[in-house]
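# Summary of structural features
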Amino acid sequence: MSVPQIRLKTEGFRAINKANIIIDGITVVAGENSSGKSTLSKLLYYLFKTASNYEALVYDELLDKLRNVYRFLDTALHEVSSFTGDRALRDELYNELRYLRKKNFLLENSDEPQAERWQVVQERWLAVIRRFSDVFNQYSEAKDKDRMTARIKRLKLIAADLLESGNIEISESEFLPFDKIGKFVEYRFKEAKGKTKSRPNTLFIEALKNVFSGGELPKIFEVYEFEDPIVSLVNDHLKPPYSIANSIYIDTPMIIGVESSEIEYWDDLNELLNKRGKSFFSEISQTISNEIIHGDVSVNDVNSLAVDNFSFKRADGSIFNLLDCATGVKSFAILQLLLKNGSLNDKTLLIIDEPESHLHPQWIIEYARLIVLLNKHAGIKFFIASHNPDMVSAIKYISAKEGVEDKLHFYLAAKIGDSYLYDYEHLGTEIDPIFGSFNIAIDRIKLYGV
Amino acid sequence: MKYCYPTTINHSVASLCPNVLENINSLAVREGFMTGAPLFPQMEIVINMDDVEAHNAYLVPRKQVRSMDLAFAISSQDKRTKEMVLVDLKLNVGPSLSSILKDELVEKIVESRKTLGNEVKIHGQYIFIFQTNLVEQARRLFFKWNPRLDGENTSMDMDRLKSTYF
């Protein structure tokens, strides 16, 4: 057997007693409800989301920590407006401030080496603070001294509050402590840069604690890439994986168009669906359009007059709001949108819970075929949880026909005695034990039926 | 009920057609069963239903129809209840079950029932033998074809055939 690209070993977490899951091509897990399949999906999603986007997540965390600095500067900007009529100055400061909060600010400098791009962003923050400092120093001799003094006092108290979190004090006699705020920003940047170098797994652990209520962590959680350990909860380190650069989690097609949810992976997916980009696998997208849904899905131009984001243009030319279309169409639409905007490639792990949901049996087979074709031609890796015999057998036999069966791994969650715990048994390419589990349903019909 | 040698060899079909009685091991191996030692050390004798059909078609003459592969008798412990079990060996099927057609299976059952007649009651379950890694998939397939309770078609592997009827 060849060395697996990714192997996830976890024990003692929720319903999972033991799981040792290989992700090489298409991995399919089957098992009863509450056997831990979705837990595995979420573990994988947040692992790769964290490990692959580490720098961006550290930057998000930094922005959060600098939130109060931003609010201080925003408040200061309002004061600038009140004592100067210089519109150009206000606009300049406003634009600078807005720029600092841009989430992809760091990525805009992605051509630079990591250390340099952090330096560029840090310099920008410090330059804005210096600019504010200059402006306030210039206007400190304002005509209306009394009003000015009261406002400066308020700003000083806000500054003192934000600096307190960095244990920095300001004296009574001090004017606005822009230099100390600069030092505070520098310190936070230093802290973040250090994190991107040492890559502690705290970000992943925090993500798990947020997703799984109760804050418990797996007793064992280890990830290997080509059998080299890259992640472990014991060793405080999160190496960047080579085989997987982005993970996408789809647990329901109903997610499409949901504007804002409490569920992070829904928001992540919707953000991706709205992305514009270039597809490299248009043939597979054509297969979806021509052979399955008989139409084409697209994201409306932001400048268009369309009220809704997504359109479905049927083969006969009729155009519908995708949100009004059948749920089955949405299932394929998600795949097509991700393909069209270049979100899927050979470094993608696509995690899908029960892809068969909402699909007619014929479309279940078509969906399975797409999974196999996307793996074969685009190299996309899949982690699928399924309850459906047709989905399982179609993935197996279509993979065999397409010559990708060697990268196929089936698992069955086997209950341990009368407990609520499950061991994930690796079946290789065999599916009959999964059918044995599905066939319990036939026995139940016999038991309860006439 | 378990295998009954005298009822099997004395069935009129076996008496009327020459050379249709055969050791189950050799028939199974010919149909694709791979084994080191013979699975049935007692070399139980069964009726080769394909040979019976070939013989009957030759006599009429007519075109051969499909038939189950083998039949044997089972009886209760007190020997008062006797039935004929019809078995078809699907050991060469694979990798998927896509080559199995419902109409063909129905034809096999219908024609083999006609051949055996009413002399001994025909067992309510028609047995289809698969390699072990296809048994559950076949069970699901049969249920999809005919989603009735206690469906007549039963899938099992050779080991289960032996433990159930021998």
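Residues numbered from 1 in each chain as written. Chains lettered and ligands numbered in written order. Predicted model: local features only at pLDDT ≥ 70, side-chain atom pairs only at ≥ 80, totals over all residues. Heavy atoms only, no water.

### Quick look at the sheet that holds strand 8 (residues 295-299) of chain A
Residues and elements named next belong to chain A. With respect to topology, three strands assemble into an open sheet ordered 8-9-10, the strand pairing being antiparallel. Two strands in the sheet have a free side with no partner beyond their single neighbour: strand 8 and strand 10 (319-321). Each adjacent strand pair in this sheet contributes to an overall mean axis angle of 25 degrees, direction not counted. Sheet topology places strand 9 (residues 310-314) next to strand 10; three bridges connect them, and they run antiparallel. Paired with Ser311 across the bridge in strand 10 is Asn321. (Pairing = 2+ DSSP bridges. Helix = DSSP H or I, 4+ residues; strand = E, 2+ residues; numbered from the N terminus. Axes fitted to C-alpha atoms, helices over the stretch in contact; angles between N-to-C directions.)

### Details of the packing of aromatic side chains
Under the defined criterion, the tally for this structure stands at 21 aromatic pairs over all chains. Put simply, the rings of Tyr3(B), Phe40(B), Phe72(B), Tyr165(B) and Phe166(B) touch in pairs and so form one group of aromatic residues. The ring of Tyr224(A) is capped by Arg7(A), whose NZ or CZ atom sits 4.6 Å from the centre of that ring. Just above the ring of Tyr242(A) sits the side chain of Lys347(A); from NZ or CZ to the centre is 4.5 Å. (Phe/Tyr/Trp six-rings, centres within 6.5 Å; stacked < 30°, edge-to-face > 60°. Lys NZ or Arg CZ within 6 Å of the ring centre and 35° of its normal.)

### Notes on unusual backbone geometry
With an omega dihedral of -15 degrees, the bond running from Val60(B) to Pro61(B) counts as a cis peptide bond. The amide bond that connects Gly94(B) to the next residue, Pro95(B), takes the cis arrangement and shows omega of 0 degrees. Mapping Pro95(B) onto the fold places it in the loop between strand 5 (82-89) and helix 5 (102-116). The phi torsion at Ser34(A) lies on the positive side, around 65 degrees, for a residue other than glycine. Structurally, Ser34(A) is set in the loop between strand 3 (26-30) and helix 1 (37-52).

### A look at the pairing of strand 13 (residues 408-415) of chain A
In summary, the side chains of a regular strand alternate between the two faces of the sheet. Residue and element names in this part refer to chain A. For strand 13, the buried fraction is high: seven of the eight residues fall into the buried class. Summarising the sheet, strand 13 and strand 14 (residues 422-428) pair through six bridges and their orientation is antiparallel. Residue pairing in the sheet places Leu412 in a bridge with Glu425 of strand 14. Counted along the chain from strand 13 to the antiparallel partner strand 14, the turn is six residues long, and its residue Gly417 has a positive phi close to 55 degrees. (Buried < 20%, exposed > 50% of the residue type's maximum accessible area, 1.4 Å probe, protein only.)

### As for the pairing of strand 5 of chain B
Residue and element names in this part refer to chain B. Within strand 5, seven of the eight residues are buried, which leaves the element mostly enclosed by the surrounding structure. Between strand 4 (residues 70-75) and strand 5, which pair antiparallel in sequence order, lie six residues; one of them, Lys79, sits at a positive phi of approximately 65 degrees. As defined by bridge partners, strand 5 adjoins strand 6 (residues 121-122) across two bridges and the pair is classed as parallel. Bridged to Glu83 within strand 6 is Lys121. Strand direction decides the pairing type here: strand 5 and strand 7 (residues 126-129), joined by three bridges, are parallel. Within the sheet, the bridge partner assigned to Val87 lies in strand 7 and is Ile127.

### A closer look at the domain arrangement of chain A
The assigned domain composition of chain A is domain 1 (18-52 + 243-448) and domain 2 (59-198). For domain 1 of chain A and domain 2 of chain A, the distance between their C-alpha centroids amounts to 45 Å. (Domains from an automatic or database assignment.)

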